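Residues per chain, in single letters:
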Amino acid sequence: MSTTIAQLDLDKLRHIVQKFDASSFTAAGIAREYGQGVASDEEVALIEEQLQRHASVLGIHALPAQGSRCATVWRTV
């Protein structure tokens, strides 16, 4: 993916999130879709940050954590 926050396309991110519909997802799954392949830890962290920052715009919310080391699990509202 090799992108920066400034280059991240929020519309593309919203479109990918909408594909998951009522299914839960993680930033890693979104990053793979966004980059159309394997995503680095840095890219996953970037997507996670953007999901948190734009959750209300994207129409998503974080589900309660299953454990302290688990990735955030998201779901559409």
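Before any of the text, the structure's been laid out above.
Residues numbered from 1 in each chain as written. Predicted model: local features only at pLDDT ≥ 70, side-chain atom pairs only at ≥ 80, totals over all residues. Heavy atoms only, no water.

Asker: How do you make sense of the pattern of salt bridges when you look at a structure like this?
Answerer: When the charged atoms of two side chains lie near each other, side chains of opposite charge can form a pair. Going through the model one piece at a time under the given rule, you end up with 3 salt bridges. We note a salt bridge from K19 to E33, for which the minimum N-O separation is 3.6 Å. Of this pair, K19 sits in helix α1 (residues 10-19) while E33 sits in helix α2 (residues 27-35), placing them 14 residues apart in sequence. Note that E49 and R53 form a salt bridge whose closest N and O atoms lie 3.1 Å from each other. You can see E49 and its partner R53 sitting in helix α3 (residues 41-53), 4 residues apart, about one turn around the helix. (Salt bridge = Lys/Arg side-chain N within 4 Å of Asp/Glu carboxyl O. Helix = DSSP H or I, 4+ residues; strand = E, 2+ residues; numbered from the N terminus.)

Asker: What should I look at first to understand α3 in this one?
Answerer: Note: α-helices contain 3.6 residues per turn, so residues at a spacing of three or four share the same orientation. The terminal C-alpha atoms of α3 lie 18 Å apart, and with 13 residues this matches the ideal 18 Å at 1.5 Å per residue to within 8%. For α3, the elements touching its buried residues are α1, β1 (25-26), α2, α4 (55-58), β2 (60-62) and β3 (73-76). (Expected span 1.5 Å × (residues − 1). Contact = heavy atoms within 4.5 Å.)

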